[in-house]
Amino acid sequence: MLKVLKVILPALLIATLGLSACQTAPKPEPIQTASNSTAGSDSSNKEEESEAAPGLETVTLAFAGPDGKDAFKVIHSKAGGSIINGEGQLQFTFSEAKHKGKKTVSIQDALGKEQGFIKVSKSDAIKVEDADHKMLYKLKTDEETQHFKLKDADGKLIYKFRKEEYGMKISAGEDDQEVATVRIKDKNAILAESDGSVLLKTKSELPAEVLACFSMKKIKASYQYALAYALMFMR
């Protein structure tokens, strides 16, 4: 009998200790893999990046001269815009600014000298101001005819853009003298003088009024670019 107890008691003791260890041992933590929380963190970062990405996109629009060679490029991003000539040199920049608490866009030359400002009103009128914020020009769509009219600070008509089936007709002054046309065909746009001489070409899909801005020889080149830039990116 004593011999039997000596065999049974150690066995019971071992079984009891083993059961206690199983009950009190902590459960192991799950291993982090690509399918759990680490991946969730990465995917949320990717979502944030993808949301921010569109704002950082850069748009480049190329314009060629009558010989087909590069005339200039308009480059636009969230940070602003710039005009690069055919030789790759910076001509003008556009950047957001504020005047009397209201948003405006500053126009500067390659040396950083202020050329003027562009503003777009609630009625979609585009105003061009000089470096001292004096209003120079206003481009607005006529509600009745849907034509674009550029007037000076005194309200005098400088240019009119009339929509046509082929694109747009540009005329100067109150006497409505034709000075240029924009013809759009198969996504190609050509700006030409009234005698048919080609001024600019582009394969960029743009409204005819954008090209029309580059026919206005009565105003400075910086303001032509400013009006075109506003029509493309500020309305």
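Located above this text is the structure these notes cover.
Within every chain, residues take consecutive numbers counted from 1 along the sequence as written. Only residues with pLDDT of 70 or above have their local features reported here, since the model is predicted, and side-chain atom pairs are shown and tallied only from 80 upward, although totals for entire chains, interfaces and linings are computed over all residues. Hydrogens and waters are ignored; side-chain quantities use all the structure's heavy atoms.

Caption draft 1: Local environment of the overall build of the chain. A count of helical and extended segments in the chain gives four helices and 14 strands. Relative accessibility thresholds used throughout: buried, under 20% of the residue-type maximum; exposed, over 50%; partly exposed, between the two (1.4 Å probe, protein chains only). In the chain, which comprises 235 residues, the proportion classed as buried is 34%. Any pair of residues with heavy atoms lying within 4.5 Å of one another is described as a contacting pair. Within the chain, contacts between residues at least 6 apart in sequence are counted, and of these 26% link residues at least 24 apart. To be clear on the numbers: accessible area is Shrake-Rupley with a 1.4 Å probe, and residue cover counts the displayed protein chains and nothing else. Carbon and sulfur atoms make up 53% of the accessible area of the chain, which totals about 15,000 Å². A run of H or I in DSSP becomes a helix once it reaches four residues, and a run of E becomes a strand once it reaches two; helices and strands are each numbered from the N terminus.

Caption draft 2: Looking closely at helix α4 (residues 221–233). Here α4 contains 13 residues, and its C-alpha end-to-end distance of 18 Å stays within 8% of the 18 Å for a straight helix at 1.5 Å per residue. Burial within α4 is extensive, with 11 of its 13 residues counted as buried. Residues of α4 that are buried: S222, Y223, Q224, Y225, A226, L227, A228, Y229, A230, L231 and M232. A helix is expected to span 1.5 Å for every residue after the first.

Caption draft 3: Structural view of the pattern of salt bridges. When a carboxyl oxygen of Asp or Glu lies within 4 Å of a side-chain nitrogen of Lys or Arg, that pair is called a salt bridge. Using the criterion set out here, one finds seven salt bridges in the structure. Close ionic contact of E129 with K119 constitutes a salt bridge, the shortest N to O distance being 3.3 Å. With E129 in strand β7 (residues 126–129) and K119 in strand β6 (residues 114–120), the pair connects residues that are 10 residues apart, well separated along the chain. K169 is the salt-bridge partner of E178, the closest N and O atoms lying 4.0 Å from each other. Using a relative accessible area of 31% as the deciding quantity, one classes E178 as partly exposed.

Caption draft 4: Spatial organisation of the pairing of strand β4 (residues 90–99). Strand direction decides the pairing type here: strand β3 (residues 80–85) and β4, joined by four bridges, are antiparallel. Within the sheet, the bridge partner assigned to I84 lies in β4 and is L90. At least two bridges found by DSSP between two strands are what make those strands a pair. With eight bridges connecting them, β4 and strand β5 (residues 102–109) associate as antiparallel partners. Along β5, the bridge assignment pairs S95 with S106. Where β4 hands over to β5, the hairpin turn is made up of two residues, of which K100 adopts a positive phi near 55 degrees.

Caption draft 5: Quick look at the side chain of H147. Structurally, the position occupied by H147 is in the loop between β8 (135–141) and β9 (148–152). The contacts of H147, once residues within four sequence positions are left out, are K140, T141, D142, K160, F161, R162 and K163.

Caption draft 6: Summary view of the side chain of D130. If you trace the backbone, D130 turns up in the loop between β7 and β8. In this tally, Asp and Glu contribute negative charge and Lys and Arg positive charge; neither His nor the terminal groups of the chain are included. K134 provides the closest opposite charge to the buried, salt-bridge-free D130, at an N-O distance of 5.7 Å. Nitrogen and oxygen atoms within 3.5 Å of one another constitute a polar contact, given that in protein one can donate a hydrogen and the other can accept it, and given that sequence-neighbouring residues count only through two side-chain atoms. Reaching out from D130, the side chain makes a polar contact with the backbone nitrogen of K134 at a distance of 2.8 Å. Contact partners of D130, with chain neighbours within four places excluded, come to Q115, G116, F117, L136 and Y223.

Caption draft 7: Molecular detail of the nonpolar core. Residues belong to a common nonpolar core when they are buried Ala, Val, Leu, Ile, Met, Phe, Trp, Tyr or Cys residues joined through side-chain atoms within 4.5 Å. F63, F94, L150, F161 and L227 are the most contacted members of the largest nonpolar core, which has 45 residues in total. Ranked by the residues each element gives to this core, the list is headed by α4, at nine residues. Not counting residues up to four positions away in its chain, the partners in contact with F63 are K69, D70, A71, F72, V74, L200, K201, T202, L206, L211 and F214.

Caption draft 8: Representation of the pairing of β6 within the structure. Burial runs high along β6: five of the seven residues are buried. In terms of strand pairing, β5 meets β6 through four bridges, oriented antiparallel. The residue of β6 that forms the bridge with S106 is F117. Between β5 and the antiparallel strand that follows it, β6, lie four residues; G112 among them carries a positive phi value of about 85 degrees. Two elements, β6 and β7, share four bridges in a ladder whose sense is antiparallel. Following the sheet pairing, V120 is matched in β7 by I126. A loop of five residues connects β6 with β7, the two strands running antiparallel in sequence, and D124 in this loop sits at a positive phi of about 75 degrees.

Caption draft 9: Quick peek at unusual backbone geometry. The backbone of H133 sits at a positive phi, close to 65 degrees, despite the residue not being glycine. Mapped onto the elements, H133 comes out in the loop between β7 and β8. Residue D176 is not a glycine yet carries a positive backbone phi of 60 degrees. Looking at where D176 falls in the secondary structure, it is placed in the loop between β11 (167–172) and β12 (177–185). We classify D176 as partly exposed; its relative accessible area is 27%.

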